[in-house]
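# Examination of the molecular architecture
Next come the chains, spelled out residue by residue.
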2 protein chains.
Amino acid sequence: MSAFPDLPEATIARLPEYLRALHNLGEGGADTISSEGLAAAAGVNSAKLRKDLSHLGSYGTRGVGYDVTLLIEQIEYVLGLDQRRAVCLVGLGNLGHALAGYDGFASRGFKIVALFDADEAKVGEQIQGLVVRHIEELGRVAVEENIAIGVIATPARAAQAVADVLVDAGVTSILNFAPCVLSVPANVDVRKVDLAIELQILSFHEHRKASLTALPGGRSAAAAGNQEAVGS
Amino acid sequence: MSAFPDLPEATIARLPEYLRALHNLGEGGADTISSEGLAAAAGVNSAKLRKDLSHLGSYGTRGVGYDVTLLIEQIEYVLGLDQRRAVCLVGLGNLGHALAGYDGFASRGFKIVALFDADEAKVGEQIQGLVVRHIEELGRVAVEENIAIGVIATPARAAQAVADVLVDAGVTSILNFAPCVLSVPANVDVRKVDLAIELQILSFHEHRKASLTALPGGRSAAAAGNQEAVGS
DNA sequence: CGCGATTTGTGCACGCCTTCACAAGCGCCT
DNA sequence: AGGCGCTTGTGAAGGCGTGCACAAATCGCG
Ligand SMILES: NC(=O)c1ccc[n+]([C@@H]2O[C@H](COP(=O)([O-])OP(=O)(O)OC[C@H]3O[C@@H](n4cnc5c(N)ncnc54)[C@H](O)[C@@H]3O)[C@@H](O)[C@H]2O)c1
Ligand SMILES: NC(=O)c1ccc[n+]([C@@H]2O[C@H](COP(=O)([O-])OP(=O)(O)OC[C@H]3O[C@@H](n4cnc5c(N)ncnc54)[C@H](O)[C@@H]3O)[C@@H](O)[C@H]2O)c1
């Protein structure tokens, strides 16, 4: 096929943001969009956005902007969203149930095709039209359904074992919600989502703000307008 | 008070990881830990870890390592975890319920003190010993309970309005689960958690891997061992 | 008391990312 | 047809983060 563009990691992380902004703009009836406008909608600098888009060879039109529909197609192609990807979810506790019921997956080309848990009491349960299977079936089902992405929502102590099972089953991408470090082969990508870390980072900034302001007269509501989005 | 160290943002994001690793090691009975050992437990480079710790003036002992208990105290102080921070949660749908029942908050010095929703059907519901209140009460309760951190788990279309209410109530840190960009004053910190973005980044790497391997002979399980944690 | 083993703290170089600033290109209007 | 205004694409500079490699410091032991 065509040579695959190797984009900077930072750019890749922003493409989904651009994509969402573009979808919103498209629904709003916009036909074309300037880098300035799209950058504002995505909450980034316009120069950065132009450089990001230039990396994937996408052509806008000078004096006009980018064609919304075309740009959506380009980004979706690069992200591999043109093909529906099968996802499995392991651990149907508190968080797992919420994830299973989340419609934000399907709307972006992802489809949860299987649910797994180790608890016999959970196995057999129906959730969103899917039946919870025992983790031992994972190997077989992963191959049958051609699952590429696994989501781990088990307690931390079980996460490494689950990751091993996923890897053995041929899964090459893992999204991990358990607060722990996973050890996987080099060809497997792991991304972690950790609430506690996010809160602790916010706590640091609270601490910093509190130590800088010398008795600011208590809590005051400042005028809104600015945009501070702490980087991912 | 003491001059507040201004740490690199990248360092701050890693401190919670070190903290968790230290807690695990502490429970394991370790008294001191070398930078090498701690780095392995946290999944980072040992030089990076030493530089991070040196930033906060924390002193290890050459030839020995770091005192686990002391280091925990130091990091918790810098992150502001020595004081319990009040958190409120807005939007008790699918995800909100899971978050409300999550014990990972309390164990790290955070306490959910109030739940809010706009849906009259949800208001009054009891969750984990807390009663869901109407969003209109947020302003009053936030001041009473001295809430510094707000968590948004509403649909995206409501998120900006909720953020505005939080800001007006004096909340200066926001954790946003809704897939949208929030506009807030400069003194308010926002962090975003977006599942769809994480999955799309994984999808990109799947796409890349698929386009690079020329018919790899199907799904093969590689030997485990390596650790690839995609940066946050 | 001195020496070797061990581990921290950091100077330095390199690469990535961001941001500015501007030339080149495009469309529209006269 | 020509000029003008707008927008993209990018060269260059600066800042930040990473990781190597090593000097300095500490402990244990003979
Ligand atoms: N609940 C939240 O809001 C939340 C938020 C952030 C992170 N997390 C993390 O997500 C993970 C899950 O949280 P939770 O609240 O849903 O926990 P939970 O205890 O409610 O659910 C865990 C589920 O995993 C299953 N499980 C345990 N071992 C397993 C194994 N070896 N194989 C397959 N399944 C197994 C259990 O049977 C259970 O159903 C935890 O690591 C938690 O720290 C949770
Ligand atoms: N469910 C998941 O696993 C998941 C995962 C990632 C992100 N998200 C995001 O988190 C958000 C919530 O997801 P969900 O599945 O819980 O949705 P949901 O529809 O189940 O719950 C949304 C809740 O917000 C409340 N709400 C709506 N407008 C409000 C307002 N103005 N003020 C206060 N409360 C209001 C609703 O009454 C409802 O209870 C969404 O933005 C979603 O995209 C969800």
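Residues numbered from 1 in each chain as written. Chains lettered and ligands numbered in written order. Predicted model: local features only at pLDDT ≥ 70, side-chain atom pairs only at ≥ 80, totals over all residues. Heavy atoms only, no water.

### Some points on the relation of the copies chain B and chain A
Expressed as a screw operation, the relation of chain B to chain A combines 0.0 Å of axial shift with a rotation of 180 degrees, fitting to an RMSD of 0.0 Å. The superposition operator between the copies reduces to a two-fold rotation axis. Taken together, the interface assignments show that 100% of the residues at the interface of chain B recur at the interface of chain A, consistent with an identical surface on both copies. (Least-squares fit on C-alpha atoms with pLDDT ≥ 70 in both. Contact = heavy atoms within 4.5 Å.)

### Looking at the interface of chain B and chain A
At the junction of the two partners, chain B supplies 92 residues and chain A supplies 92 residues. Between chain B and chain A lies a buried interface of about 8000 Å² when both sides are counted; carbon and sulfur atoms form 58% of it. Summed over the shared surface of chain B and chain A, the number is 8 salt bridges. Measuring nitrogen to oxygen at the nearest pair gives 3.0 Å for the salt bridge that ties A:K209 to B:D189. Counting across the interface, chain B meets chain A through 36 residue pairs in polar contact (both at pLDDT 80 or more). Of the residues that constitute the side of chain B that touches chain A, the class distribution is 53 nonpolar, 23 polar and 16 charged. (Buried area = accessible area lost by both parts, 1.4 Å probe. Salt bridge = Lys/Arg side-chain N within 4 Å of Asp/Glu carboxyl O. Polar contact = N/O pair within 3.5 Å; in protein donor to acceptor, adjacent residues only side chain to side chain. Nonpolar A, V, L, I, M, F, W, Y, C, P; charged D, E, K, R; others polar.)

### Side note on the pattern of salt bridges
This structure, assessed with the given rule, holds 18 salt bridges over all chains. Among the ionic pairs, A:E17 bridges to A:R20, the shortest N-O distance being 3.1 Å. Of this pair, A:E17 and A:R20 both sit in helix 1 (residues 9–27), 3 residues apart, which is roughly one turn of that helix. The exposure class assigned to A:R20 is buried, which follows from its relative accessible area of 8%. Across the pair B:E137 and B:R140 runs a salt bridge whose closest N-O atoms are separated by 2.8 Å. Overall, the relative accessible area of 27% leaves B:E137 in the partly exposed class. (Helix = DSSP H or I, 4+ residues; strand = E, 2+ residues; numbered from the N terminus. Buried < 20%, exposed > 50% of the residue type's maximum accessible area, 1.4 Å probe, protein only.)

### A few points about the sheet that holds strand 6 (residues 130–134) of chain A
Residue and element names in this part refer to chain A. Pairing is mixed in the open sheet, where 7 strands are placed in the order 5-6-4-3-7-8-9. Because the sheet does not close on itself, it has two edges, and the strands there are strand 5 (126–127) and strand 9 (189–192). Taken together, the 4 bridges between strand 7 (residues 149–152) and strand 8 (residues 173–176) define a ladder with parallel strand orientation. Looking across to strand 8, one finds that V151 is bridged to L175. (Pairing = 2+ DSSP bridges.)

### Side note on the pairing of strand 8 of chain A
Residues and elements named next belong to chain A. Residue alternation in strand 8 divides its side chains into two sets, S173 and L175 and I174 and N176, and both sets are buried. Taking the sense of rotation as the criterion, the β-α-β connection linking strand 7, helix 7 (residues 156–168) and strand 8 turns out right-handed. In this sheet, strand 9 lies alongside strand 8 in parallel orientation, the contact comprising 4 bridges. Each residue of the ladder has a partner; that of S173, found in strand 9, is D189. (Right-handed = clockwise from strand over helix to strand, strands pointing away.)

### Quick notes on the protein's contact with DNA strand C
Surrounding DNA strand C, one finds 27 residues, the nearest of these being A:R14, A:R62, B:S35, B:G60 and B:Y66. In DNA strand C, atoms within 4 Å of the protein come from the sugar-phosphate backbone in 62% of cases. B:R62 is positioned such that a nitrogen or oxygen atom in its side chain is 3.0 Å from a sugar or linking oxygen of DNA strand C. Secondary structure elements with two or more residues in the surface near DNA strand C: helix 1 and helix 3 (46–55) of chain A together with helix 3 (46–55) of chain B. Sorting elements by how many residues they give to the surface near DNA strand C places helix 3 of chain A first, with 4 residues. Tallied by class, the residues present in the surface near DNA strand C amount to 7 nonpolar, 11 polar and 9 charged. (Near = heavy atom within 4 Å.)

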